[in-house]
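Chain by chain, the residues run as shown.
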Amino acid sequence: MKAVRARTPRRPAPKKPSHPSLKDPVGVYCRVRPLSGPDQEGCIEVINETTVQIHPPDRYRIFRNGEYRETQYSFKEVFGTLVAQKELFDVVAKPLVEDLIHGKNGLLFTYGVTGSGKTHTMTGSPGDGGLLPRCLDMIFNSIGPFQAKRFVFKLDDKNGVDVQCEVDALLERQKRDAMPVPKIPSGKRQIDPEFADMINVQDHCKVEEVDEDNVYSVFVSYIEIYNNYIYDLLEEAPFEPIKPKWNNCNTPVRNGDFIPPQSKMLREDQNHNMYVTGCTEVEVKSTEEAFEVFWRGQKKRRIAHTQLNRESSRSHGVFIIKLAQAPLDADGDNVLQEKEQITLSQLSLVDLAGSERTNRTKAEGNRLREAGNINQSLMTLRTCIEVLRENQMYGTNKMVPYRDSKLTHLFKNYFDGEGKVRMIVCVNPKAEDYEESLQVMRFAEMTQEVEVARPVDRPLCGLTPGRRFRNQAFREELSQKLELRGGPKNGETEEQSVTEMFLQNFPPLPSCELLDVNDDQTLPRLIEVLEKRHKMRQMLLKEFGKNVLAFKTALQEFDSSVVSKENYIQGKLSEKEKTIAGQKMELERLEKKIKTLEYKIEILEKTTTIYEDDKRNLQQELESKSQKLQRQASDKRRLEARLQGVVAETAMKWEKECERRVAAKQLEMQNKLWVKDEKLKQLKAIVTEPKNEKPERPSRERDREKPVQRSVSPSPVPSAPPVRPRHRRSRSAGERWVDHKPPSNLPTETVMQPHVPHAITVAAASEKALAKCDKYMLTHQELASDGEIETKLIKGDVFKTRGGGQAVQFTEIETLKQESPTGRKRRSSPNPEPPEDAADSECTDVETRCSVALEMRAGSALGPGYQHHAQPKRRKP
């Protein structure tokens, strides 16, 4: 068959159990302890059969909108304060005992803060036994009549079990009986009154389906984990009075305490199960004997008095129940001497020490160190559960830190292998334990999400079921028949009576005694009787011969009939053989087809596994990318929010700045407008001043008749005597000029007047005029600081622009100013009459007179240059 090459997985798959798909979650149950008094404040309430609610007490309440926060936690089942031990056992521990008898492992542990009722739940109290004695009672009620004799099963030092024959077991029992301290038989065992009420269970609970063709033996062991060291509580360690104990002051203690035994080591067997090497395992045959062993170890367990609990467990107690079972042989008499047929299952009952806070327990010295080790081991248990949950939910392959604590290392095979795990969370509802109970609830909620492989059923031995009772019934029936027959003597008398009846048919023999020589009658009578007997014998021989012939004939007929029947049967057998051969061929064909289909199924399973791995990897990649996208989206949202805040802050800042600048500009413009208004008023006063002392000049009369337009910066103008006008030639003569003289200019009446040859005089600059010239001059008038009119000739070069228009770059300014030698200022009339076009003159400045747009340009000889565009500017209506 050609092998199909499968694609190599991206990463090696972890080791999986035989049935990877069959997994059960860890069963987590909650038990609420009743409060100590009716007036005590509580923080835990039972909502329903599966939910509890925890709320902070008055001093821990966290207010939100006027209400304190309440948290609800769900469990597989919640047991309130009124629930009895029997109900708790039926729901939680009974299925574990049934699995133990059926050859499956189980783990049950109690978890909670100190003083929450863990030891009471596991051990019980007088008159009300806990889970441990009820488990023992159910085991022995179920396997009581099927127990093997002592030492038939023998545990080895590698967590295995061997089966011994009856002779070796008998020798072991004789050695045990020969010990100096004889053992009391289990039927005559006297129960210790200290724990008699705990095991006096009247329920008689038992497993219904018990394999009656097996024999069973129970072994128990009891260990404690103290300060991360394992100690055997059943080990008989003697006192050592020679070796004193030293205290912190380096002085020996007078009263020698019990010296603890040597700590034990953890090992892993061939089935990857963890076990304690050198641990004492006692074979027990009854509930009383088993609980007596437990109680003997319980007295050695470390407990101490703290502020929160009078008898606080300072170590983790682990009581292990091992059940060895093997089938009987085919006769149903002896145990089958095959080690492969032995099944060893175990149930671990764990009483964890309570987590505690040292600031509440007021622990010091050894108690403080014990509390630290307890909390550290419980923290390691929580870490292992968290990593297991993360590996199962997200498909990761993180290493579970089992070896960080002896507690988690001991129960590694339950979480990584097969078995059923149950946890009882014990809580104390008092308000002082609120914070500790909250942590316990969170751990319990997380533990419920961890899944453990479901244990598989053990294989069948292949022997006929019910052989034990069949053998017993056969023996009983045989003994009854022997009693009815009365023994072998009765058979002999029956055979003698048949012989006597056959001999009575012959004639009786006469007396053969001869008393006289002349007696002639005795011999003839004897001869006659013998002749009759001979004749009768001959007749019997003939009859016997006839019967023999008839029997031979019948025998021959029977043989012929048998031969014919044999021939008939042979024919039928040949037909059946042909049918069987055809059916065998069909079976072979079907087997080949099944193998082909199995191979295809195997290939499909491998392909499915590869696809599942790819799917899981893609899902992980998709989750990582979705998480990355979510992070990016959240970062983007945060960035947008931050940018929106920055934009809003910047916009608000600029709005404030613009408002401030607008207000400052408005204030500045108002000041300038006020100054201009003042100057305009002074100018109007000068222009409208009547001639009183000196004769009027014609130019002044024309000025008064013509309305004076507003200058850029008017100021008070002093009166000046007229000066003889002089003609002044421009320095830039000889070129083609555009002489721009606005109509609002006043004649200066000076001797020197600007004269530009070859000039085109215009009132407003136009593109047509600029196109014909290469020079430009603007005549601008304004009032100087002394009140006289100052004429400025602003010159510039004309050049073409890219858009086809004309532009002017100003290069220099010539100033013509008339001053009065007397320095007398003319006063304006007290009530000047405003000209008719005063509104237009108020708005007159350089830009309106030029009717062009001005803009600054860097690089001119005057510093800031001006560009005069020939396009006229629209006036605002």
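One can find the structure itself at the top, above this paragraph.
Owing to the predicted nature of the structure, the values given are computational and were not obtained by experimental measurement. (Residues numbered from 1 in each chain as written. Predicted model: local features only at pLDDT ≥ 70, side-chain atom pairs only at ≥ 80, totals over all residues. Heavy atoms only, no water.)

Caption draft 1: Seen up close, the overall build of the protein chain. Summing up its helical and strand segments, the protein chain has 17 helices and 33 strands in all. Put simply, the protein chain has 877 residues, and 36% of those count as buried. When contacts within the protein chain are restricted to residue pairs at least 6 apart in sequence, those whose partners lie at least 24 apart make up 72%. Accessible area of the protein chain: about 55,400 Å², with a carbon and sulfur share of 53%. (Helix = DSSP H or I, 4+ residues; strand = E, 2+ residues; numbered from the N terminus. Buried < 20%, exposed > 50% of the residue type's maximum accessible area, 1.4 Å probe, protein only. Contact = heavy atoms within 4.5 Å. Areas by Shrake-Rupley, 256 points an atom, 1.4 Å probe, with all protein chains shown as cover.)

Caption draft 2: View of a nonpolar patch on the surface. On the surface, Phe-474, Leu-478 and Leu-482 cluster together to form a nonpolar patch covering roughly 320 Å² of accessible area. Tracing the backbone through its elements, the reader meets Phe-474 in helix α11 (residues 467-485). (Patch = residues over 30% accessible without salt bridge, like charges linked within 9 Å, V, L, I, M, F, W, Y side chains within 5 Å. Salt bridge = Lys/Arg side-chain N within 4 Å of Asp/Glu carboxyl O.)

Caption draft 3: Here's a closer look at the pattern of salt bridges. What the rule picks out here adds up to 30 salt bridges. Taking the shortest distance from any N to any O, the salt bridge between Glu-782 and Lys-792 comes out at 3.3 Å. Linking Glu-782 in strand β29 (residues 775-783) with Lys-792 in strand β30 (residues 789-800), this pair joins segments that are 10 residues apart in sequence. Owing to a relative accessible area of 16%, Glu-782 belongs among the buried residues under this scheme. Put simply, Glu-657, Arg-660 and Arg-661 are held in one network by salt bridges that share partners.

Caption draft 4: Local environment of empty space enclosed by the protein. Taken as a whole, this structure holds nine cavities of 30 Å³ or more when the rule is applied. Empty space within the second largest cavity amounts to approximately 100 Å³. Lining the second largest cavity we find Leu-107, Phe-109, Leu-352, Leu-381, Cys-384, Ile-385, Tyr-402, Leu-407, Thr-408, Phe-411 and Phe-415. Taken together, the elements giving at least two residues each to the lining of the second largest cavity come down to β9 (106-112), α7 (366-394) and α8 (406-410). No other element matches the three residues that α7 contributes to the lining of the second largest cavity. (1 Å grid on protein atoms, 1.4 Å probe; cavity = no way out; pocket = protein on both sides within 12 Å on 5 of 7 lines; lining within 4 Å. Points joined across faces, edges and corners; volume = space filled by probe spheres on them.)

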